[in-house]
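What follows is each chain in one-letter form.
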Amino acid sequence: MINYLKVRWQAEFGYRHILVVAIPLILSTGSWSIQQFVDRMFLSWHSEEALAAAVPAGILNFSLICLFVGTVSYAGTFVSQYVGAKEDSKVGAVLWHSLYLSIFGAILLMFVAPFSSKIFQLIGHSPQIQLMESTYFKILCFGGIGPILSSAFAGFFTGQGRNWPVMWVNLFTTGLNLVLDYLLIFGVGIFPEMGIAGAAIATIIAGFSSILMYMILIFRPHHETRFRVFSSMSWNMTFMKRFLKYGLPSGGHFFLEIMGFTCFILILGRIGQMELAATNIAININSLAFMPMFGLGIAVSMNVGQNIGAGKPEIAKYAANSGVQLGMLYMIVCTALYVLIPQQFIAPFNAAPETAKVAMILLRFVAVYALFDALSILYSSAIKGAGDTNFVMRVTTVLSIFVLIIPTFIAVDIYDSNLYLPWTFCALFIIAMGVIFTFRFFGGKWKGMSVIESPSILPSQNLGNPITPEN
């Protein structure tokens, strides 16, 4: 075993290689989870009602954004396969078409914002919670351009394996967000006390700052020489169709998974404010574990994509398994901490004793499914890196509807269940996802896929030789 670990550590696409690529991304996604954790903590200090409102409204907004974020961020897979195939001149077109989709998605979100009050009236939470939810959701919808456009820009770097710029942008914007959170939620100095609205405004300002930083980093002369980031602005319908063929199912998977959890949380809010607050605390603590997995998943996806583009599927498999083994180790540590010292995670939320007690029980559910969550995130990322996005979306659709949403609705609205039966369905949903994506990966069908195999993706440009799985 020791010899195996030594070899795996030193090998190309072994543990060390994956960590070098993944650490900036883990810090990036980890910074987002820390920002969400502190944001919710500040709101819990402001009022329990603000905490109860922030997570349902925030996750509903995030689920809508995820459709576009998941789609445009698939630019990273196209970039990785083009870079692996030594076709760098096509990267600029990928960037611009992802930017066009980002702007379209942001405009659609703005049209949703005016309906925020009606949306939360239908959900049926208490009037005070509804007002806060509507305010938070509306402001975040108007600022949707920030996270969507930033995801498209980030794909330009992650696809190349240049992840440090992404990390620095995310760390800066996270720090800015946290400072503005404190100033605008509580009202410090010249800043007014805005409560939950201040938290949303802080998020928007931080999002726009990330766009500005990415533009400064990307649109430089040497990137034009290698990637044609200025001269590839022209719209190409053939390429856009191909981008949507793979990117939209990827966005659909992201959207459906988050929307499933959104419906889960909104339904649980019907049980009571305490139950909703306890659920929100458990989910925010859980984000400290699974958000870094998204960063590792991006690294796995990009390593798979580059090796698929280079015609090396077996190396892609080796790289993916290295990432999964590292992820499982991290999740084992998190699971142990959730079981052994749950009170240390719950204490910062300043929750009422009954709420804290329930949240502690919910962390045991998290401990049950945490390892399967890692398998789900990492193996789905691996097969998506090759282009197997439709399968991922179909599985997520079926399981979200029939294992998570419908059983939760029946348990709460028809049988007046307590909080723990719906959380059992949540655990089963994540376990099923982990098992299915693991079997799909080892089935190997993804090895024969490639998102760039068509011979005429961008007919208006000099594209060189087409890339196929065989070469």
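Residues numbered from 1 in each chain as written. Predicted model: local features only at pLDDT ≥ 70, side-chain atom pairs only at ≥ 80, totals over all residues. Heavy atoms only, no water.

Turning our eyes to something else, we now look at the overall build of the protein chain. Helix and strand content of the protein chain: 18 helices and zero strands. In summary, the protein chain has a C-alpha radius of gyration of 22 Å against a globular reference of 23 Å for 471 residues, a match within 12%. Burial status across the protein chain gives 59% buried among its 471 residues. Of the contacts made within the protein chain by residues no fewer than 6 positions apart, 83% connect residues no fewer than 24 positions apart. Total accessible area computed for the protein chain in this model is approximately 18500 Å², and 70% of it derives from carbon and sulfur atoms. Averaging the positions of the 25 positive and the 20 negative side-chain charges in the protein chain gives two centres separated by 12 Å. (Helix = DSSP H or I, 4+ residues; strand = E, 2+ residues; numbered from the N terminus. Rg over C-alpha atoms; globule rule 2.2 N^0.38 Å. Buried < 20%, exposed > 50% of the residue type's maximum accessible area, 1.4 Å probe, protein only. Contact = heavy atoms within 4.5 Å. Areas by Shrake-Rupley, 256 points an atom, 1.4 Å probe, with all protein chains shown as cover. Lys, Arg positive; Asp, Glu negative; His and termini not counted. Charge placed at Lys NZ, Arg CZ, Asp CG, Glu CD.)

Okay, the packing of helix 13 (residues 273-309) against helix 16 (residues 353-386) next. Taken N-terminus to C-terminus, the directions of helix 13 and helix 16 make an angle of 15°; their axes are 8 Å apart at the nearest point. Overall, the two elements helix 13 and helix 16 adopt an arrangement that is roughly parallel. Between helix 13 and helix 16 lies a crossing of right-handed hand. Here the residues of the contact of helix 13 with helix 16 are counted per class, giving 24 nonpolar, eight polar and three charged. (Axes fitted to C-alpha atoms, helices over the stretch in contact; angles between N-to-C directions. Parallel < 35°, antiparallel > 145°, perpendicular 65-115°, else oblique. Left-handed = near helix turned anticlockwise from the far one by under 90°. Nonpolar A, V, L, I, M, F, W, Y, C, P; charged D, E, K, R; others polar.)

One non-glycine residue, Lys86, adopts positive backbone phi at about 60°. Its place among the elements puts Lys86 in the loop between helix 4 (75-84) and helix 5 (91-112). On the basis of relative accessible area, Lys86 is assigned to the exposed category, the value being 71%. For Arg228, which is not glycine, the phi torsion reads 60° and is therefore positive. Inspection of the secondary structure assignment puts Arg228 in the loop between helix 11 (221-227) and helix 12 (237-268). According to the relative accessible area criterion, Arg228 is partly exposed, its value standing at 25%.

Next up on the list: the environment of Asn390. Structurally, the position occupied by Asn390 is in helix 17 (residues 389-414). Between the alpha carbons of Asn390 and Lys245 there is a distance of 8.8 Å; along the sequence they are 145 residues apart. Once residues within four sequence positions are removed from consideration, Asn390 is found in contact with Lys245 and Pro249.

In this section: the side chain of Ser381. Mapped onto the secondary structure, Ser381 falls in helix 16. Looking at Ser381, the relative accessible area reads 13%, which means it is buried. Each residue touching Ser381, except ones within four places of it in the same chain, is listed here: Gly297 and Ser301.

This part takes up the confidence of the model for the protein chain. Counting all residues, the mean pLDDT for the protein chain is 87, and 95% of those residues have values of 70 or more. When mean pLDDT is compared element by element in the protein chain, helix 18 (residues 420-443) scores highest at 96, while helix 2 (residues 15-46) scores lowest at 81. Scored below 50 in pLDDT, residues 454-471 makes 44 contacts in the model with residues more than four places away or belonging to other chains. (pLDDT = per-residue confidence, 0-100.)

Turning our eyes to something else, we now look at the pattern of salt bridges. Side chains carrying opposite charge are able to pair once their charged atoms draw close together. Within this structure, the stated rule accounts for four salt bridges. Note that Asp388 and Arg440 form a salt bridge whose closest N and O atoms lie 2.8 Å from each other. Of this pair, Asp388 sits in the loop between helix 16 and helix 17 while Arg440 sits in helix 18, and the two are 52 residues apart along the sequence. The exposure classification of Asp388 matches that of Arg440, with both residues buried. (Salt bridge = Lys/Arg side-chain N within 4 Å of Asp/Glu carboxyl O.)

Counted under the stated rule, the structure contains 31 aromatic pairs. Ring centres 6.0 Å apart and planes at 90° place the aromatic pair Phe62 and Phe254 in the edge-to-face group. Of this pair, Phe62 sits in helix 3 (residues 48-72) while Phe254 sits in helix 12, and the two are 192 residues apart along the sequence. Relative accessible area serves as the criterion here: at 24%, Phe62 is assigned to the partly exposed category. Here the aromatic cluster, defined as three or more aromatic residues joined through ring pairs, consists of Trp96, Tyr100, Phe153, Phe156, Phe157, Tyr214, Phe219, Phe227, Phe230 and Trp235. The cationic tip of Arg440 hangs over the ring face of Phe391; the distance from NZ or CZ to the ring centre is 3.9 Å. (Phe/Tyr/Trp six-rings, centres within 6.5 Å; stacked < 30°, edge-to-face > 60°. Lys NZ or Arg CZ within 6 Å of the ring centre and 35° of its normal.)

End to end, helix 9 (residues 164-186) covers 33 Å across 23 residues, agreeing with the expected 33 Å (1.5 Å per residue, within 8%). Residues Pro165, Val166, Met167, Val169, Thr173, Thr174, Asn177, Leu180, Asp181, Leu183, Leu184 and Ile185 constitute the buried set of helix 9. A positive phi of about 75° marks Gly187, the residue just after helix 9. (Expected span 1.5 Å × (residues − 1).)

Where helix 4 contacts helix 5, the two axes come as close as 9 Å, and the packing angle between them is 175°. With respect to helix 5, the axis of helix 4 lies roughly antiparallel. Contact residues: helix 4 offers Ala75, Phe78, Val79, Tyr82 and Val83, while helix 5 offers Val91, Val94 and Ser98. Grouping the amino acids of the contact of helix 4 with helix 5 by side-chain chemistry returns seven nonpolar, one polar and no charged.

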